[in-house]
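A structural walkthrough
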Amino acid sequence: MKYLAPFLLLFSFSVLVHAQNNTEVYLFDIEEDLSLSNPVNISNNTGYDNQPSITPDGKTVLFASTRNDQTDILWYDIDSGSKTWLSDTPGGEYSPILMPDGKHISAVRLDPDGLQRLYKYPIKKEASEVIIPDLVVGYYLWYNPTQLIAFVLGDPQTLQEIDVASNTIEIPYENPGRSIHKIPDTQKYSFIDKSSSDSWIIMQTIPGSKNSTKEITPTLPLSEDMVWLNETTILMGKDSRLFYFDIEAKSKKWQLFADLSKYSLTGISRLAVGNNKLAVVVSGK
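The paragraphs below set out a description of the structure included in this document. Keep in mind that what you see is a predicted model, and the values were worked out from it rather than measured. (Residues numbered from 1 in each chain as written. Predicted model: local features only at pLDDT ≥ 70, side-chain atom pairs only at ≥ 80, totals over all residues. Heavy atoms only, no water.)

A short note on the overall build of the chain
What counts is decided by this rule: Secondary structure elements are defined from DSSP: runs of H or I of at least 4 residues count as helices, runs of E of at least 2 residues count as strands, and each element is numbered from the N terminus. Note on method: radius of gyration uses C-alpha positions; expected globular size equals 2.2 Å times residues raised to 0.38. Using a 1.4 Å probe on the protein chains alone, a residue whose accessible area is under 20% of its type maximum counts as buried, one over 50% counts as exposed, and one in between counts as partly exposed. Whether two residues are in contact is decided by their heavy atoms: any pair within 4.5 Å suffices. Accessibility throughout is a Shrake-Rupley quantity obtained with a 1.4 Å probe, and a residue counts as covered only by protein chains that appear here.
Counting secondary structure elements, the chain contains 0 helices and 25 strands. Over its C-alpha trace the chain gives a radius of gyration of 18 Å, about what one expects of a compact globule, namely 19 Å for 285 residues. Dimensions along the principal axes, computed over C-alpha positions, put the chain at roughly 50 × 45 × 35 Å. Out of the 285 residues in the chain, the part that is buried amounts to 53%. Sequence-distant contacts in the chain: of pairs separated by 6 or more residues, those separated by 24 or more amount to 40%. For the chain, the accessible area works out to roughly 13700 Å², and carbon and sulfur atoms hold 48% of it.

Observations concerning the sheet that holds strand β4 (residues 49-54)
What counts is decided by this rule: In this scheme, strands are said to pair when DSSP sees at least two bridges between them. Lines are fitted to the C-alpha atoms to define the axes, a helix being fitted only along its stretch in contact, and any angle between axes, read from their N-to-C directions, falls within 0 to 180 degrees.
Taken together, 4 strands build an open sheet; the order of strands is β4-β5-β6-β7 and the sheet is antiparallel. Because the sheet does not close on itself, it has two edges, and the strands there are β4 and β7 (83-85). In this sheet, neighbouring strand axes are inclined to one another by 30 degrees on average, regardless of whether the strands run parallel or antiparallel. Here 3 bridges tie strand β6 (residues 70-77) to β7, and the two strands are oriented antiparallel to one another. Bridge pairing links leucine 74 to tryptophan 85 in β7.

Overview of the nonpolar core
Short version of the rule: In this description, a nonpolar core means a group of buried Ala, Val, Leu, Ile, Met, Phe, Trp, Tyr and Cys residues linked to one another through side-chain atoms lying within 4.5 Å.
By size, the foremost hydrophobic cluster in this structure holds 16 residues, and its most contacted members are Phe28, Leu36, Leu242, Leu260, Ile268, Leu278 and Val280. Of all the secondary-structure elements, those providing two or more residues to this core are β2 (24-30), β23 (255-259) and β25 (277-282). Among residues more than four places away in sequence, those in contact with leucine 260 are Phe28, Leu36, Ser240, Leu242, Leu265, Ile268 and Val280.

Some thoughts on the sheet that holds strand β22 (residues 241-246)
Taking strand neighbours across the sheet as the criterion, the 4 strands line up as β20-β21-β22-β23 in an open arrangement whose pairing is antiparallel. Sheet topology places β20 (226-228) and β23 at the edges, where each strand pairs with a single neighbour. Neighbour-to-neighbour, the strand axes of this sheet turn through a mean angle of 25 degrees, independent of strand direction. Pairing analysis gives 6 bridges linking strand β21 (residues 233-238) to β22, with the strands arranged antiparallel. Paired with methionine 236 across the bridge in β22 is phenylalanine 243.

Comments concerning unusual backbone geometry
In this chain, aspartate 155 is followed by proline 156 through a cis amide linkage whose omega measures 5 degrees. Here proline 156 lies in the loop between β13 (147-152) and β14 (158-163). Positive phi, close to 65 degrees, is recorded for aspartate 69, a residue that is not glycine. Looking at the secondary structure, you find aspartate 69 in the loop between β5 (60-67) and β6. The phi angle at serine 95 is positive, at roughly 50 degrees, despite the residue not being glycine. Along the chain, serine 95 turns up in strand β8 (residues 92-98). With a relative accessible area of 9%, serine 95 lands in the buried category.

Concerning the environment of serine 87
For clarity, the threshold we go by: Pairs of N or O atoms within 3.5 Å make up the polar contacts considered here, provided that, within protein, one atom can donate a hydrogen while the other can accept it, and that residues adjacent in sequence are counted only when both atoms are side-chain atoms.
Assignment of secondary structure puts serine 87 in the loop between β7 and β8. Put simply, serine 87 and valine 137 are 50 residues apart on the chain and 18 Å apart in space, counted from C-alpha to C-alpha. Discounting residues that sit within four places of it in the chain, serine 87 has contacts with Arg67, Asp72, Ile73, Glu93 and Tyr121. In this structure the side chain of serine 87 is engaged in a polar contact, spanning 2.9 Å, whose partner is the backbone nitrogen of isoleucine 73.

With respect to the packing of aromatic side chains
Keep this limit in mind: Under the pairing criterion, centres of Phe, Tyr and Trp rings, with the six-membered ring standing for Trp, must be within 6.5 Å; the plane angle then separates stacked pairs below 30 degrees from edge-to-face pairs above 60, leaving the rest tilted. Ring-over charges, as used throughout, are those where CZ of Arg or NZ of Lys falls within 6 Å of the ring centre and within 35 degrees of the ring normal.
Per the counting criterion, the structure on display carries 9 aromatic pairs. When the ring of tyrosine 139 is compared with that of phenylalanine 151, the centres are 5.2 Å apart and the planes differ by 80 degrees; the resulting orientation is edge-to-face. Remark: phenylalanine 151 occurs in strand β13 and tyrosine 139 occurs in strand β12 (residues 137-144); sequence separation between them is 12 residues. Phenylalanine 151 shares its class with tyrosine 139; the two are buried. Of the aromatic side chains, those joined through ring pairs into one cluster are Tyr143, Tyr173, Tyr189 and Phe191. Cation over ring: arginine 67 sits above tryptophan 85, and NZ or CZ is 4.2 Å from the ring centre. Over the ring of tryptophan 200 we find lysine 194; its NZ or CZ atom is 4.1 Å from the centre of that ring.

As for the pairing of strand β3 (residues 36-41)
Looking at chain direction, β2 and β3 are connected through 4 bridges and run antiparallel. The residue bridging isoleucine 30 from the neighbouring strand is leucine 36, located in β3.

Structure (C-alpha cells):
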C-alpha cells in the first residue's frame, strides 16, 4: 500500500480531449426486447459535448458541454428536457458524475495553467473543492462512497484504487484504458488493459484483490468505450454500430446490437446506461 505524497505534475496537454471536435450526446430508450428507440439529441450544441453519465435514479444525464470556448458541467433533466449549468470556473470540466452522497457532482477540471485535478461541485452551486490534491486523475469510477478507481496520468499511466477517507492508494495495474465500470450486482469492477499493442483486453477484478483479476474478452478493434447493460452483458460501439458481448453465452464473439446508421449517426464513442436509457456520443451524422 502506498500513501499519497504531495507533488505537482505540470504537463502541456491532457489526454482527456484529443481534439475539441464536434460531438453530440444522443439519448435512446432501451425497449424490453433490448432494441433502441426514440433518439433525442440532448446536447444539440456546436463543439465538444461528451462524457455522459446517468444518475442512479435515471432522471438526469450529466455531461461535459462546450460554452464560451470551454467545457462546463451540464445537467439534463430527462422528463422535462431542461438544461442547467452546474459549473462556471476558469477551467474546463470533464467526466461529471453524481457522487454517492447525492449532493455533489465530481468532475475532472483542467485549469488554464495546465493543472488537472478531480473536484467536487455542490449541486446548489456553492464553491467547488478539490477531492485529491496530489493526483492527475483522467477518468474514474466511484466504487463506493469513499473509494475511487481511477485512471491516473503519468509515465506510465496507472490504474489506482484510492481511499479518499484514509488518503491511501494501491496501484494494481499499468496502462489501463479510460473505461472503468462497476459490474452490476457484483463486487467486481471492469477495466481495459492496454498494455499490449496487439489487442486491448476487458478485465474484471475486485478492489484490493489482484488474485481475483480475470480476462473477459478482447475489445472491438481500437474501441475502448463500453458499458454493462446487466451483470453479464457488455455494450461497445464501433463506427455506426453497437455490439454486445454476453459473458455467459457459448459464443465468445461480439454480436450486433443496433446499427445507428438508420438514424444517420456514426462515430460512436462514449456510452452511459441507466433506467432503460442509453446515452451515446457520436461524432458524425
